[in-house]
Amino acid sequence: NHGLYLQATDALVQWQLASRPGVLPPYDEALLNRELSLFPDWYLAQHKKVQLAGQDKETLDKAFALIVQRNLAAPSVYVHRDFMPRNLMMPHDANESRLGVLDFQDAVYGPITYDIASLMRDAFLSWEEDFVLEITIRYWERARKLGLMDFDGWSQDFGAFWRAVEWMGLQRHLKVAGIFARLTLRDGKDKYLADAPRFIQYIRHTASRYAELTPLLR
């Protein structure tokens, strides 16, 4: 697993180095918010039968606004949006170290933090925190050598980059919990909702680490 994940980060860095504006649709405020709305619309309202109102809705709206603000602050690159093991292909040639990448039709131009968060907080696999951190650090070291971490002290401070990855991951976790509820309830794909607790755990884990997210956690 370790070697394959390092190959995955190499593929990710190469993808990001090829980035240029104006090629892919922007991962902008409207799209980030549209994705976040899947959580209250499908996971809460349709799956849990909970309609948020009053203080609860205000709490969620404030948390979502903060999540979007933090994520839009990151530098933009090509974002695959579903960068995970089941979308990566082993090379046919044993001498070839590059992994193939599938399912990139929803790619956008947005936060550099997204795909590494997607890779390490997988939809169908959960890893120990030590492994998640180790692979993310290896990605960060490679990316900064190639000039991808020249932002807000990230090149000197892994902690600053890691915090941004966690906030980006949180947006994805909320979105995917909503998508999995929709896939099951609307599209009849029962297996997806069975994996939703993994994302609720990811959400709780991240929200418990930041004081600004305590209202969301509660």
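Just above sits the structure.
Residues numbered from 1 in each chain as written. Predicted model: local features only at pLDDT ≥ 70, side-chain atom pairs only at ≥ 80, totals over all residues. Heavy atoms only, no water.

Caption draft 1: Just the packing of helix H6 (residues 129–145) against helix H7 (residues 158–185), in detail. Two elements in contact, H6 and H7, have axes whose closest approach is 11 Å; the angle formed by their N-to-C orientations is 115°. With respect to H7, the axis of H6 lies roughly perpendicular. H7 is crossed by H6, and the crossing has right-handed handedness. On H7, the residues that touch Glu129, Val132, Leu133, Thr136, Ile137, Tyr139 and Trp140 of H6 are Phe158, Phe161 and Trp162. (Axes fitted to C-alpha atoms, helices over the stretch in contact; angles between N-to-C directions. Helix = DSSP H or I, 4+ residues; strand = E, 2+ residues; numbered from the N terminus. Parallel < 35°, antiparallel > 145°, perpendicular 65-115°, else oblique. Left-handed = near helix turned anticlockwise from the far one by under 90°. Contact = heavy atoms within 4.5 Å.)

Caption draft 2: Inspection of empty space enclosed by the protein at higher detail. Here the structure, examined in full by the defined rule, presents 1 cavity of 30 Å³ or more. Contributing elements (two or more residues each) for the lining of the largest cavity: helix H5 (114–120), H6 and H7. Taken together, the residues of the lining of the largest cavity sort by class into 6 nonpolar, 4 polar and 2 charged. (1 Å grid on protein atoms, 1.4 Å probe; cavity = no way out; pocket = protein on both sides within 12 Å on 5 of 7 lines; lining within 4 Å. Points joined across faces, edges and corners; volume = space filled by probe spheres on them. Nonpolar A, V, L, I, M, F, W, Y, C, P; charged D, E, K, R; others polar.)

Caption draft 3: Region of interest: helix H1 (residues 2–17). Counted at 1.5 Å a residue, the expected span for H1 with its 16 residues is 22 Å, and the 23 Å between its end C-alpha atoms agrees. Listed in full, the buried residues belonging to H1 are Tyr5, Leu6, Ala8, Thr9, Ala11, Leu12, Val13 and Gln16. Buried residues along H1 sit against strand S1 (76–79), strand S2 (88–89), H5 and H6. (Expected span 1.5 Å × (residues − 1). Buried < 20%, exposed > 50% of the residue type's maximum accessible area, 1.4 Å probe, protein only.)

Caption draft 4: Up close: the pattern of salt bridges. The final tally for this structure, using the stated rule, is 11 salt bridges. For Asp10, the salt bridge is made with Arg142, and the minimal N-O distance between the two is 2.8 Å. In this pair, Asp10 sits in helix H1 while Arg142 sits in helix H6, placing the two residues 132 residues apart along the sequence. Of the charged contacts, one joins Arg198 and Asp195 as a salt bridge, the two residues approaching to 3.0 Å between their closest N and O atoms. Of the two residues examined, Arg198 and Asp195, each falls in the buried class. Three or more residues are tied together by salt bridges with common partners; here these are Glu35, Arg81 and Lys175. (Salt bridge = Lys/Arg side-chain N within 4 Å of Asp/Glu carboxyl O.)

Caption draft 5: Broad picture of the side chain of Thr136. By secondary structure assignment, the location of Thr136 is in helix H6. Exposure remark for Thr136: the relative accessible area of 1% places this residue in the buried category. Beyond its immediate sequence surroundings of up to four residues, Thr136 is in contact with Ile116, Met120, Phe158, Phe161 and Trp162.

Caption draft 6: Representation of the packing of aromatic side chains within the structure. One pass over the structure, following the stated rule, counts 19 aromatic pairs. Between Trp127 and Phe131, the aromatic rings sit 4.9 Å apart at their centres with planes inclined by 45°, giving tilted as the arrangement. By relative accessible area, Trp127 is classed as partly exposed at 25%. With 5.4 Å between their ring centres and 65° between their planes, Trp140 and Phe158 make a pair best called edge-to-face. (Phe/Tyr/Trp six-rings, centres within 6.5 Å; stacked < 30°, edge-to-face > 60°.)

Caption draft 7: View of the nonpolar core. Core analysis: the largest hydrophobic core is formed by 37 residues, its most contacted members being Phe39, Tyr43 and Leu174. Residue assignment for this core shows that the elements contributing at least two residues are helix H2 (29–36), helix H3 (38–47), helix H4 (54–72), H7, helix H8 (190–194) and helix H9 (196–207). One finds Tyr5, Phe83, Ile112 and Ile116 within the second-largest nonpolar core, a separate group that totals 30 residues. (Core = buried A, V, L, I, M, F, W, Y, C linked by side-chain atoms within 4.5 Å.)

Caption draft 8: Looking closely at the environment of Pro111. Here Pro111 shows up in strand S4 (residues 108–111). On the accessibility criterion, Pro111 (3% relative accessible area) is buried. Along the backbone, Pro111 and Ser76 are 35 residues apart, and their C-alpha atoms lie at a distance of 4.7 Å. Excluding its chain neighbours within four sequence positions, the residues that come into contact with Pro111 are Tyr27, Asn71, Ala74, Pro75, Val79 and Met168.

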